[in-house]
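Summary of structural features
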Amino acid sequence: MGKIIAVTNQKGGVGKTTTAVNTAAGIAKSGKKVLLVDIDPQGNATSGVGVDKRSVKYSSYSVMVDEVKAEDAIVHTKFHNLDLLPSGMELAAAEIELVEADKRESKLKSALALVKASYDFIFVDCPPSLGLITTNAFCAADTLLVPIQPEYYALEGLSQLMSTVRKIKRRYNQYLDIEGVLLTMYDGRLNLTQQVVEEVKKFFPRKVFSAVIPRGVRLSEAPSFGMPIMYFDKSCKGSLAYMQLSEEIIQNNR
């Protein structure tokens, strides 16, 4: 039975999609069967694994709004063991269209329930907001993976996120937990980085991953080639860091 991990942070620019794509690809490369679900209207996770958003017949919008079966919308990527439920431009309208829907917060959960058994892990790339689409991800997820950039405003965003998590647990998904907090764009030479890391570890004892993701040109370049970093440049620091994270998640879920 697949574990559903939502990759989330309502703050943009923290490496959320980069983390969703590369962790999903890294775990798939390690031999696990993985589904990457793109519910961000920007669709960057979709293009990040080499799939053209304009060419897909069905998308996560079709699944959540039109109730198309998830298995009919899933596409096989060219990467080992990695499938994709793509996003499309129309997903931006889903926030409005779902408002009137019955059981609007559990559309994604119902859809993924039918394919969950076919995968070891399902990663959901959430939009950078805490609206109805993200609520769907939180209701469907077993755990949340939270990438944060070690900077001054990071902790402010975390407390907002945790407040939302508490509401979701109370109303819809009592079992929702934190998979881990991932430090991205990490530069250990900066004093501020060390201070933020200490604060995050206090805030989330035993939940901060040992793997940290450094800043890197190669990580920024890989999406424009439609490739996860371990296929684009397997020996660069970013690739090694995401493979370390992938192994850590597999170990934690043995």
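You'll find the structure just up there.
Small disclaimer: the values here were computed from a predicted structure and weren't measured.

Look at helix 1 (residues 16-29): 20 Å from first C-alpha to last across 14 residues, which is about the 20 Å you get at 1.5 Å a residue. Within helix 1, twelve of the 14 residues are buried, which leaves the element mostly enclosed by the surrounding structure. Every buried residue belonging to helix 1 is among K16, T17, T19, A20, V21, N22, T23, A24, A25, G26, I27 and A28, and all of these are buried. G31 lies just past helix 1 and shows a positive phi near 110 degrees.

Within this structure, the stated rule accounts for one cavity of 30 Å³ or more. Along its surface, the largest cavity is lined by N9, K11, V14, I148, Q149, E151, A154, G157 and L158. The element best represented in the lining of the largest cavity is helix 8 (residues 154-171), accounting for three residues. Grouping the amino acids of the lining of the largest cavity by side-chain chemistry returns four nonpolar, three polar and two charged.

One open sheet accounts for eight strands, arranged 3-4-2-5-1-6-7-8; its pairing is mixed. Each edge of the sheet is formed by a strand with only one pairing partner; in this case those strands are strand 3 (75-76) and strand 8 (208-214). Each of strand 6 (143-148), strand 7 (177-186) and strand 8 touches helix 9 (residues 191-203); the most contacted strand, strand 7, lies at about 180 degrees to it. Each of strand 1 (3-7), strand 5 (121-125), strand 6, strand 7 and strand 8 touches helix 12 (residues 237-252); the most contacted strand, strand 8, lies at about 165 degrees to it.

What follows concerns a positive patch on the surface. Together, R166, K167, R170 and R171 make up a positively charged patch on the protein surface. Considering the arrangement of structural elements, one finds R170 in helix 8. The exposure class assigned to R170 is exposed, which follows from its relative accessible area of 61%.

Here the structure, examined in full by the defined rule, presents twelve salt bridges. Note that D125 is salt-bridged to K16, the shortest N-O span being 3.0 Å. Of this pair, D125 sits in strand 5 while K16 sits in helix 1, placing them 109 residues apart in sequence. Accessibility classification places D125 together with K16 in one group, the buried group. K33 is the partner of D83 in a salt bridge, and the nearest nitrogen-oxygen pair spans 3.3 Å. Taken together, the residues D83 in strand 4 (residues 82-85) and K33 in the loop between helix 1 and strand 2 (34-38) connect sequence positions 50 residues apart. For D83, a relative accessible area of 4% puts it in the buried group. The class for K33 is partly exposed, based on a relative accessible area of 30%.

By volume, the largest pocket is sized at about 240 Å³. As for the largest pocket, its lining consists of 13 residues, and the residues nearest its centre are T18, M185, G216, L219 and S220. When residues of the lining of the largest pocket are traced back to their parent elements, those giving at least two are strand 7, strand 8 and helix 10 (217-221). Among the residues forming the lining of the largest pocket, the class breakdown is seven nonpolar, five polar and one charged.

Thresholds, definitions, all that
Residues numbered from 1 in each chain as written. Predicted model: local features only at pLDDT ≥ 70, side-chain atom pairs only at ≥ 80, totals over all residues. Heavy atoms only, no water. Helix = DSSP H or I, 4+ residues; strand = E, 2+ residues; numbered from the N terminus. Expected span 1.5 Å × (residues − 1). Buried < 20%, exposed > 50% of the residue type's maximum accessible area, 1.4 Å probe, protein only. 1 Å grid on protein atoms, 1.4 Å probe; cavity = no way out; pocket = protein on both sides within 12 Å on 5 of 7 lines; lining within 4 Å. Points joined across faces, edges and corners; volume = space filled by probe spheres on them. Nonpolar A, V, L, I, M, F, W, Y, C, P; charged D, E, K, R; others polar. Pairing = 2+ DSSP bridges. Contact = heavy atoms within 4.5 Å. Axes fitted to C-alpha atoms, helices over the stretch in contact; angles between N-to-C directions. Patch = residues over 30% accessible without salt bridge, like charges linked within 9 Å, V, L, I, M, F, W, Y side chains within 5 Å. Areas by Shrake-Rupley, 256 points an atom, 1.4 Å probe, with all protein chains shown as cover. Salt bridge = Lys/Arg side-chain N within 4 Å of Asp/Glu carboxyl O. Lys, Arg positive; Asp, Glu negative; His and termini not counted. Charge placed at Lys NZ, Arg CZ, Asp CG, Glu CD.

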